[in-house]
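Summary of structural features
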Amino acid sequence: MTELKYLIFFTVLFIGVPFNYVMARKFVQYEKLLWFLLIFFTANMVDINFISMENYRGTSKGFEIGMVDIVVFSLLAIVIGRKDEYPLKFPIGTTLYFFYFFFSLISIINSEIFIYSFFEIWKMIRMYIFFYVVYNMIQKFEEFNTLMLHISFISIFITLVVLKQKYLLGIFQTYGPFPHQNSLVMYMIVFGSLLLSFLLNNKKVKLYYWLAVFGGASIDIISTLSRGGMALFAFSISIIFLFSYSNKMSFRKLGITLLFIVLASGVLYKASDTILERLDSAPEESLDVRIVLAQAAQNMANDKILGIGLNNFGLKINPPYPYGNHIPRKDAYEKGGLVETIYLMIAAETGWHNLVVFICFLLYFYYKNIQNYFRLKGSEYRYIPLGIIGGLSAIYIQSTLEWALKQTNNFYQLMFIFALIGVVSRLIENQKEKDENRTI
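Right, let's talk about the packing of helix H3 (residues 67-81) against helix H5 (residues 114-137) for a bit. Two measures define how a pair of helices packs: the angle their axes make with one another and the distance between the axes. Running from N to C, H3 and H5 point in directions that differ by 45°, and their axes come no closer than 9 Å. When the axes of H3 and H5 are compared, the pair comes out oblique. In this structure, H3 meets H5 at a crossing whose hand is left-handed. Here Val68, Asp69, Val72, Leu75, Leu76, Ile78 and Val79 of H3 lie close against H5, whose contacting residues are Arg126, Ile129, Phe130, Tyr132, Val133, Asn136 and Met137. When its residues are assigned to classes, the contact of H3 with H5 shows 11 nonpolar, one polar and two charged.

Glancing now at the nonpolar core. Generally speaking, a soluble globular protein has its nonpolar side chains buried in company with each other. Grouped together as the largest cluster of nonpolar side chains are 130 residues, with contacts concentrated most on Phe144, Phe416 and Phe418. When near neighbours in sequence (up to four residues on either side) are disregarded, Phe144 contacts Ile138, Tyr383, Ile384, Leu420, Val423, Val424 and Leu427. Of all hydrophobic cores here, the second largest spans six residues; its members include Leu13, Ile48, Ile65 and Ile70.

A separate point is the packing of aromatic side chains. Going through the model one piece at a time under the given rule, you end up with 38 aromatic pairs. Aromatic side chains Phe40 and Phe41 sit 5.4 Å apart centroid to centroid with 70° between the ring planes, which places their arrangement in the edge-to-face category. In terms of burial, Phe40 and Phe41 fall into one category: buried. Judged by centre distance (5.1 Å) and plane angle (40°), the rings of Tyr100 and Phe358 are tilted.

Locating Thr408 in the fold gives a position in helix H16 (residues 408-439). Judged by its relative accessible area of 8%, Thr408 is buried. Sequence separation between Thr408 and Ala43 is 365 residues, and the spatial gap between their C-alpha atoms is 9.5 Å. Residues within four places of Thr408 in sequence aside, it is in contact with Met45, Glu64, Lys123, Arg126 and Met127.

A few words on the side chain of Thr224. On the secondary structure map, Thr224 appears in the loop between helix H8 (207-223) and helix H9 (227-247). Assessed through its relative accessible area of 0%, Thr224 is described here as buried.

Let's shift gears to the side chain of Thr94. Mapped onto the elements, Thr94 comes out in helix H4 (residues 94-106). Excluding its chain neighbours within four sequence positions, the residues that come into contact with Thr94 are Tyr128 and Phe131.

Per-chain confidence: the protein chain averages 88 in pLDDT, with 88% of residues scoring 70 or above. Mean pLDDT per element in the protein chain: helix H10 (residues 251-281) is the minimum at 59, and H4 is the maximum at 98.

This next bit is on H4. For H4, spanning 13 residues, the distance from its first C-alpha to its last is 18 Å, which sits close to the expected 18 Å at 1.5 Å a residue. Along H4, the residues classified as buried are Thr94, Tyr97, Tyr100, Phe101, Phe103 and Ser104.

Turning our attention to the packing of H4 against H5. Their axes nearest at 11 Å, the elements H4 and H5 cross at an angle of 170°. On the basis of the axis angle, H4 is roughly antiparallel to H5. Two secondary-structure elements touch here, H4 through Thr94, Tyr97, Tyr100, Phe101, Ser104 and Leu105 and H5 through Ile121, Met124, Ile125, Met127, Tyr128 and Phe131. Here the residues of the contact of H4 with H5 are counted per class, giving 10 nonpolar, two polar and no charged.

Taking 1.5 Å as the rise per residue, H5 with 24 residues should run 34 Å; its terminal C-alpha atoms sit 35 Å apart, in good agreement. The element H5 is extensively covered by neighbouring structure, given that 18 of its 24 residues are classed as buried.

The next thing to look at is unusual backbone geometry. Look at the link from Pro319 to Pro320: it is a cis peptide, with omega at 10°. Inspection of the secondary structure puts Pro320 in the loop between helix H12 (313-316) and helix H13 (342-350). Even without a glycine there, the phi angle at Leu225 is positive, about 55°. Counting through the fold element by element, Leu225 comes out in the loop between H8 and H9. With a phi angle near 60°, Asn311 is a residue other than glycine that sits in the positive phi range. Here Asn311 is to be found in the loop between helix H11 (286-303) and H12. The buried category is assigned to Asn311, whose relative accessible area is 0%.

Here is what the cut-offs are and how they apply
Residues numbered from 1 in each chain as written. Predicted model: local features only at pLDDT ≥ 70, side-chain atom pairs only at ≥ 80, totals over all residues. Heavy atoms only, no water. Axes fitted to C-alpha atoms, helices over the stretch in contact; angles between N-to-C directions. Helix = DSSP H or I, 4+ residues; strand = E, 2+ residues; numbered from the N terminus. Parallel < 35°, antiparallel > 145°, perpendicular 65-115°, else oblique. Left-handed = near helix turned anticlockwise from the far one by under 90°. Contact = heavy atoms within 4.5 Å. Nonpolar A, V, L, I, M, F, W, Y, C, P; charged D, E, K, R; others polar. Core = buried A, V, L, I, M, F, W, Y, C linked by side-chain atoms within 4.5 Å. Buried < 20%, exposed > 50% of the residue type's maximum accessible area, 1.4 Å probe, protein only. Phe/Tyr/Trp six-rings, centres within 6.5 Å; stacked < 30°, edge-to-face > 60°. pLDDT = per-residue confidence, 0-100. Expected span 1.5 Å × (residues − 1).

If you want it as structure tokens, here you go:
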């Protein structure tokens, strides 16, 4: 059965990629389909693991490759094929990502099991190729309208999966097509923020369609019953409402806000029983577990300058390694978990210096996005950086509590958003150059 799975996959790879390239070059709509699938497969992963180690409690459990990568290779062929018309460029932030990758790579010197580290290295390589392709695919602001439509379709799909889990399968904390409810929260905070910004700041949208899609995204987050997720989503949309009103007040925005409040009140009332049940049933030891794991991560980072080895936290949190000796265990066979913050995980596995690089990487794109927001004053596309401001603000904070950004779905989405920031920056510069040439 395994051999058949590999055969099917490689057949799709070596036949599907050339086929996609030819079809996309001939038909514009086929290229748009590939665009849709590129984003869709970041939400609904269809993949296989080579040398899979599913029992390992790490951030990567095999040499993963999936349908999203097939689409990436297809689009990579397309951007290479039209490089004469649109020259290929390295995305902004490439240097910082290289340093983050480099320090992650050299941490392997301290790995106990090298293959665990190479699982994560392979993931990081895939993420950069994805980042590179998205950055070089978008050449006009008008393409963002199609992109938002695709995001709306994917959000509807996720909402349908969530509603099925909640009302047909009776799942208490829904997770949609993702591996965990925290992954769903992080993913939908980003897309939900973009949807709200688009709804509030684009006069041409069909109001009830986009309000319904945004409402679905909100239901997805509420259905996870994630206390932190709901609070951070509220924080994100508050930022978007605030900036939208300060940008320009209108009766349309006021009407959308009032309608949103009415609908949100209804949803929260309907979900109030399960939300209260979740608050009452939340384990009291949850905070204690987070603290002792954070202490173990600091022990690792302080012990090894280069870190204890990429993707080796799940191994070295357990005996005979001393880093987790302070953690209470039911018996000698109980395995320790992963530290519940991506920041301390990076420090533990790859060193404090690499945590600094990673934070610089995150803050660089945050700064560039804010810069884009101010430079797009008066533009109909200002909704893009505004939605990203809200989304990134929330997930950066969420990452102090979760390591979901290392989940494949969320890692892809982060690199997708960073690519969009880079594209907006490039398009602004291109327009500036055109304007200067006209004045000469």
